[in-house]
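So you can see what is in the structure, the chains are spelled out below.
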Amino acid sequence: MTAPVIRDIKVGRRVIRLAEIGQGPALLMLHGGGPGATGPSNYSRNLAALSQSYRLLIPDMPGYGGSTKGVSRSDPFGDLAGAMLELLDGLGVKRAHAIGNSLGGACALRLALDHPDRVDRLVLMGPGGVDTTRSLPTKGLQKLLNYYKGDGPSLEKLRAFIDDLVYEPSDIPDTLLRERYEASIDPETVASPPLMRPKGFKLRDVDFTRDPRLAGLNNPVLVLWGQDDRVNRPSGGTSLIRRLPNADLHLFSRTGHWVQWERADTFNAITLAFLAQRSL
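Note that the coordinates shown come from a computational prediction; the quantities given were computed from them, not determined experimentally.

## Considerations on the overall build of the protein chain
1) Next: Along the backbone of the protein chain there are twelve helices and eight strands.
2) Next: Along the longest, intermediate and shortest principal axes, the C-alpha atoms of the protein chain span 50 × 40 × 35 Å.
3) Next: Buried residues in the protein chain amount to 55% of all 280 residues.
4) Next: Surface accessibility of the protein chain: about 11,600 Å² in total, with carbon and sulfur atoms responsible for 50%.
5) Next: With 35 positive and 30 negative side-chain charges, the protein chain shows a separation of 5 Å between the mean positions of the two kinds.

Here it is as C-alpha cells:
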C-alpha cells in the first residue's frame, strides 16, 4: 500500500492534520477519543482495503495528533462536527460517506443530523453519545474521562484504558501502547485535554437518544458493535436502530470497542458491501 499523503489544512480558527489515500467517492474516517489517538493509527488495518475503492480522508480530529488542540466542553460533538464540515468545505467535497469509531462515531452522527445533505452513508462503530444520560458511565469510559485528572497521564493509566478497548488485551503490541502514550503527553494536549466530562451541556448535545431529529434521519446507517465493548455499552446498538428509520445492526462476538482493529477483515468486507449499495 502506498503511504497516505499527510498535510495540514486551515479550517476556520483551526488547523486540521489530514491523511489522504485512494481514489473514488470521498470517505471521511473519524477516529476514537482515547488518549493519543490519531486518524491513521485508528484505521491502520483498514486503509489498504478501503482505499482500493474510495478516496479516504483521515483527519486527526481537533484536540488530537497534529491538529489544533481544544474542544468545546458544552457541546463537544457539535464542535467536532462543525470542524469536519469546514474540512469538507475546504477540500471542495460536497458529499461524503462517513465512518466513525467511538467519539468519531458521535461526530459523524452529529454531522449527519446537522447537515444530512453533506453525508451519504454512515458506518458507526460503538459510537459515543448513545444512552449516556440514561445510565452511569462504564468503567472504561470513566478511565478515559479521568486520564488527565489526578496525578495526570501515565503509561499505567493508558494501559488500563487500552486493555478495555479489546476483548483480548494481550493482542495489543507494546509499540502501539508506547506510541499512544507519547502522543498523549504532548504539552499542548496536556494543557487542553480533548475529552473531559461535559460542562454546562444540553441533554440532546451529549445523548443522541434525546435528539428528536434522530427519527427523521433517512441516511442509510450501519451500526457495528462488539458484544464485549467495555467502553460504550453494546445495548446502544439496539437503542440506535429503534430510533433510526434506515439502520442495520451487526454485533461481533468476542470483540470489544475496536471492531475495525480486532475484526479487521470482516469489518472491511461488510463496510465495503454496505457502501457499495445504491446511494440516496
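## Things to note about the packing of helix 3 (residues 76-91) against helix 4 (residues 103-114)
1) Next: Where helix 3 contacts helix 4, the two axes come as close as 8 Å, and the packing angle between them is 70°. Our classification of the angle between helix 3 and helix 4 gives roughly perpendicular. Judged by the twist between their axes, the crossing of helix 3 over helix 4 is right-handed. Contacts from Phe77, Gly78, Leu80, Ala81, Met84, Leu85 and Leu88 in helix 3 reach Leu103, Ala106, Cys107, Arg110 and Leu111 in helix 4.
2) Next: For the contact of helix 3 with helix 4, the residue count by class is ten nonpolar, one polar and one charged.

## Topic: the pairing of strand 1 (residues 5-11)
1) Next: In this structure, strand 1 lies alongside strand 2 (residues 14-21), joined through seven bridges in antiparallel fashion. Counterpart to valine 5 in the pairing with strand 2 is glutamate 20.
2) Next: From the end of strand 1 to the start of strand 2, which pair antiparallel, there are two residues, and glycine 12 there has a positive phi angle of about 60°.

## A closer look at the pattern of salt bridges
1) Next: A complete count under the given rule lists 18 salt bridges for this structure.
2) Next: Where arginine 7 meets glutamate 20, a salt bridge forms, and the shortest distance between an N and an O atom there is 2.9 Å. Pair noted here: arginine 7 is in strand 1 and glutamate 20 is in strand 2, with a separation of 13 residues, a long-range link.
3) Next: Using a relative accessible area of 16% as the deciding quantity, one classes glutamate 20 as buried.

## Quick notes on the packing of helix 6 (residues 155-163) against helix 7 (residues 174-184)
1) Next: It is the contact of helix 6 with helix 7, at a shortest axis distance of 10 Å, that shows an interaxial angle of 120°. With respect to each other, helix 6 and helix 7 are oriented oblique. At the point where helix 6 passes helix 7, the crossing takes the right-handed sense. Residue-level inspection shows Leu155, Leu158, Arg159 and Ile162 of helix 6 in contact with helix 7, the latter providing Asp174, Leu177, Arg178, Arg180 and Tyr181.
2) Next: Taken together, the residues that form the contact of helix 6 with helix 7 break down as five nonpolar, no polar and four charged.

## Digging into the nonpolar core
1) Next: Counting 64 residues, the largest nonpolar core has Leu57, Met84, Leu87, Leu109, Leu122 and Leu240 as the members making the most contacts within it.
2) Next: Residue contributions to this core peak at nine residues, all from helix 3.
3) Next: The residues touching methionine 84, leaving out its near neighbours within four places in the chain, are Ile16, Leu28, Leu30, Pro59, Pro62 and Cys107.
4) Next: Counting 20 residues, the second largest nonpolar core, distinct from the first, contains Leu27, Met29, Leu50 and Phe267.

## Notes on the sheet that holds strand 4 (residues 55-59)
Strand pairing in a sheet is mediated by backbone hydrogen bonds. Such pairs are either parallel or antiparallel.
1) Next: Read from one edge to the other, the open sheet built from eight strands follows the order 1-2-4-3-5-6-7-8, with strand pairing classed as mixed. For this open sheet the edge positions go to strand 1 and strand 8 (247-252), each flanked by a neighbour on one side alone. Strand-to-strand twist in this sheet, taken as the mean axis angle between neighbours without regard to direction, amounts to 20°.
2) Next: One ladder, built from five bridges, connects strand 5 (residues 96-101) with strand 6 (residues 119-125); its direction is parallel.

Conventions used here
Residues numbered from 1 in each chain as written. Predicted model: local features only at pLDDT ≥ 70, side-chain atom pairs only at ≥ 80, totals over all residues. Heavy atoms only, no water. Helix = DSSP H or I, 4+ residues; strand = E, 2+ residues; numbered from the N terminus. Buried < 20%, exposed > 50% of the residue type's maximum accessible area, 1.4 Å probe, protein only. Areas by Shrake-Rupley, 256 points an atom, 1.4 Å probe, with all protein chains shown as cover. Lys, Arg positive; Asp, Glu negative; His and termini not counted. Charge placed at Lys NZ, Arg CZ, Asp CG, Glu CD. Axes fitted to C-alpha atoms, helices over the stretch in contact; angles between N-to-C directions. Parallel < 35°, antiparallel > 145°, perpendicular 65-115°, else oblique. Left-handed = near helix turned anticlockwise from the far one by under 90°. Contact = heavy atoms within 4.5 Å. Nonpolar A, V, L, I, M, F, W, Y, C, P; charged D, E, K, R; others polar. Pairing = 2+ DSSP bridges. Salt bridge = Lys/Arg side-chain N within 4 Å of Asp/Glu carboxyl O. Core = buried A, V, L, I, M, F, W, Y, C linked by side-chain atoms within 4.5 Å.

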